[in-house]
Amino acid sequence: IIASGLVMGMLIIILAGYYLARRAMVPIQASWEKQQQFVADASHELRTPLAVIKSNAELMLRHPEHTVEEESIRVTNVVREVRRMTKLVTDLLTLARSDVNQTELKLEPVNMGEIIDTVAEQFVPLAEMDGLMLQAEASQELELTADRERLHQLLVILLDNAIKYTPSPGNIKITGGRQGSNIVVTVEDTGQGIPTEDLPRVFDRFYRSDKARSREKGGTGLGLAIANWIVEMHGGKIGVESKLGSGTRFSVTLPAKKVT
Ligand code: ADP
């Protein structure tokens, strides 16, 4: 009886151990699958510009008789794709490092109002070139402890998208204000909008709602994934509202931590 009791006890312990180990593996497996998907998508994305570079370079090699004008079209194609790849690789590195928590925030007291003004100033000429009007409206007292470079990067991503996906004539507005103990930044445009069914996925890596326009404008499909990561690293939240054909509004809420 004692022996069979012992065997039963051991069996129960083994089964419970197995069950617990399996349960513990679920998140590991999910994250492994996510990583595999990321690598597969990244390779796929890198193949397109590589194929364009290869075909253009081969054509140049095969046809030395081509005129300077013909050659310059090929070189322009190559340069455009090299730029695209450079951006893609930079974005991939940012996300790969974020996955292994290799990026440390350089926290310091920053004023969100100043960052909004700086980024807006940078973007006004770009917006004007595309026939768009860009307005910035930031209230004072937007101090928080944060990584200045990363917040700058976040606003660049949102304004860059607003310009990319707003046809002329159109308006873009960036605002910064306080809501209780939070700082809220919004980027609003009167652009093409995002279909409701796509909204939950726009922060996913490589997800593009408008593939053609993203590609034409040199998008990587990684901007909003990076934006989401930056906001999360600062303990905040990012949200999106959009109406197809009327415009889009991204809102970022960040805790205004006490500046020490
Ligand atoms: P991309 O490099 O393609 O712009 P993002 O991750 O920055 O990638 O954005 C994902 C997708 O969300 C875009 O491809 C686009 O379809 C959509 N999107 C992002 N911002 C806007 C916007 N302001 N207006 C309309 N669509 C947008």
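**Q** Tell me about the site of the ligand, and name the residues and values.
**A** Residues in contact with the ligand amount to 21 residues; listed here are only the nearest, Tyr-165, Ser-214, Thr-220, Gly-221 and Leu-224. Here Asp-210 contributes a backbone N or O atom positioned 2.9 Å from an oxygen atom of the ligand. Within the backbone of Leu-224, one N or O atom sits 2.9 Å away from an oxygen atom of the ligand. At the level of secondary structure, the elements contributing two or more residues to the shell around the ligand comprise helix H4 (148-164), helix H6 (223-233) and strand E7 (247-255). When grouped by side-chain class, the residues that make up the shell around the ligand number eight nonpolar, nine polar and four charged.

**Q** Which residues make up the environment of Ser-214, and what values do they have?
**A** Mapped onto the fold, Ser-214 is located in helix H5 (residues 211-216). In sequence terms Ser-214 and Lys-164 are 50 residues apart; their C-alpha atoms lie 7.8 Å from each other. The contacts of Ser-214, once residues within four sequence positions are left out, are Tyr-165, Arg-208 and Gly-219.

**Q** Which residues make up the sheet that holds strand E2 (residues 132-138), and what values do they have?
**A** Taken in spatial order, the five strands of this open sheet run E2-E4-E5-E7-E6, and their pairing is mixed. Every interior strand has two partners, whereas the edge strands, E2 and strand E6 (237-243), have only one. In this sheet, neighbouring strand axes are inclined to one another by 10° on average, regardless of whether the strands run parallel or antiparallel. Across eight bridges, the pairing between strand E4 (residues 170-179) and strand E5 (residues 182-189) is antiparallel. Note that in E5 the partner of Thr-175 across the bridge is Thr-186.

**Q** Mind laying out the pattern of salt bridges, listing which residues take part and the relevant values?
**A** Pairs can form between side chains of opposite charge whenever their charged atoms are close. By the definition in use, this model includes 14 salt bridges. The shortest N-O distance in the salt bridge between Glu-45 and Arg-208 comes to 3.1 Å. Taken together, the residues span a long stretch of sequence, with Glu-45 in helix H1 (residues 2-62) and Arg-208 in the loop between E5 and H5 at a distance of 163 residues. Take Glu-45: its relative accessible area is 17%, and that puts it in the buried class. Each member of the salt-bridge network shares a partner with another, and the members are Arg-80, Glu-81, Arg-84 and Arg-215.

**Q** Talk me through the side chain of Asp-198; I want residue IDs and the actual numbers.
**A** Turning to its location among the elements, Asp-198 is positioned in the loop between E5 and H5. It is Arg-201 that comes nearest to the buried, bridge-free Asp-198 among opposite-charge side chains, at 7.0 Å. Among all residues touching Asp-198, those that are not within four sequence positions of it are Tyr-207 and Ser-209.

**Q** So what's going on with helix H3 (residues 112-129)? Which residues, and what values?
**A** The terminal C-alpha atoms of H3 lie 26 Å apart, and with 18 residues this matches the ideal 26 Å at 1.5 Å per residue to within 8%. By the largest-angle criterion, Phe-123 marks the main kink of H3, which is about 35°, and a proline, Pro-125, follows within four residues. Along H3, the residues classified as buried are Met-112, Gly-113, Ile-115, Ile-116, Val-119, Ala-120, Phe-123 and Ala-127. Where H3 begins, one side-chain oxygen reaches toward the backbone nitrogen of Gly-113, 2.8 Å away; that side chain belongs to Asn-111. Following H3 by one or two positions, Gly-131 has its phi on the positive side, about 70°.

**Q** Explain the side chain of Thr-248 to me, and be specific about the residues and the numbers.
**A** For Thr-248, the position within the fold is in strand E7. Among the residues examined, Thr-248 registers a relative accessible area of 6% and is labelled buried. A polar contact of 2.9 Å, which involves the side chain of Thr-248, links it to the side chain of Ser-242. Beyond its immediate stretch of four places on either side in the chain, Thr-248 contacts Val-187, Glu-188, Asp-189, Gly-193, Ile-194, Val-240, Glu-241 and Ser-242.

**Q** Can you explain the packing of aromatic side chains? Please cite residues and give values.
**A** Within the structure shown, the criterion is met by two aromatic pairs. Residues Phe-38 and Phe-206 carry aromatic rings whose centres are separated by 6.1 Å and whose planes lie at 40° to one another, so their mutual orientation is tilted. With Phe-38 in helix H1 and Phe-206 in the loop between E5 and H5, this pair connects stretches of sequence that are 168 residues apart. Positioned above the aromatic ring of Phe-38, the side-chain terminus of Arg-205 is 4.4 Å from the ring centre.

**Q** Give a detailed account of the environment of Ile-157, specifying residues and quantitative values.
**A** Along the chain, Ile-157 turns up in helix H4. With 25 residues separating them in the primary sequence, Ile-157 and Leu-132 have C-alpha atoms 17 Å apart. Apart from the residues within four sequence positions on either side, Ile-157 is in contact with Gly-223, Leu-224, Ile-226 and Ala-227.

**Q** Tell me what's going on with a nonpolar patch on the surface, and back it up with residues and numbers.
**A** There is a patch of nonpolar side chains on the surface, built from Val-7, Leu-11 and Leu-15 and spanning about 280 Å² of accessible area. Within the element layout of this structure, Leu-15 appears in helix H1.

Conventions used here
- Residues numbered from 1 in each chain as written.
- Predicted model: local features only at pLDDT ≥ 70, side-chain atom pairs only at ≥ 80, totals over all residues.
- Heavy atoms only, no water.
- Near = heavy atom within 4 Å.
- Polar contact = N/O pair within 3.5 Å; in protein donor to acceptor, adjacent residues only side chain to side chain.
- Helix = DSSP H or I, 4+ residues; strand = E, 2+ residues; numbered from the N terminus.
- Nonpolar A, V, L, I, M, F, W, Y, C, P; charged D, E, K, R; others polar.
- Contact = heavy atoms within 4.5 Å.
- Pairing = 2+ DSSP bridges.
- Axes fitted to C-alpha atoms, helices over the stretch in contact; angles between N-to-C directions.
- Salt bridge = Lys/Arg side-chain N within 4 Å of Asp/Glu carboxyl O.
- Buried < 20%, exposed > 50% of the residue type's maximum accessible area, 1.4 Å probe, protein only.
- Lys, Arg positive; Asp, Glu negative; His and termini not counted.
- Expected span 1.5 Å × (residues − 1).
- Bend = angle between axes of the 7 residues up to and from the residue.
- Phe/Tyr/Trp six-rings, centres within 6.5 Å; stacked < 30°, edge-to-face > 60°.
- Lys NZ or Arg CZ within 6 Å of the ring centre and 35° of its normal.
- Patch = residues over 30% accessible without salt bridge, like charges linked within 9 Å, V, L, I, M, F, W, Y side chains within 5 Å.
- Areas by Shrake-Rupley, 256 points an atom, 1.4 Å probe, with all protein chains shown as cover.

Everything listed here is a matter of geometry and, on its own, says nothing about what the molecule does.
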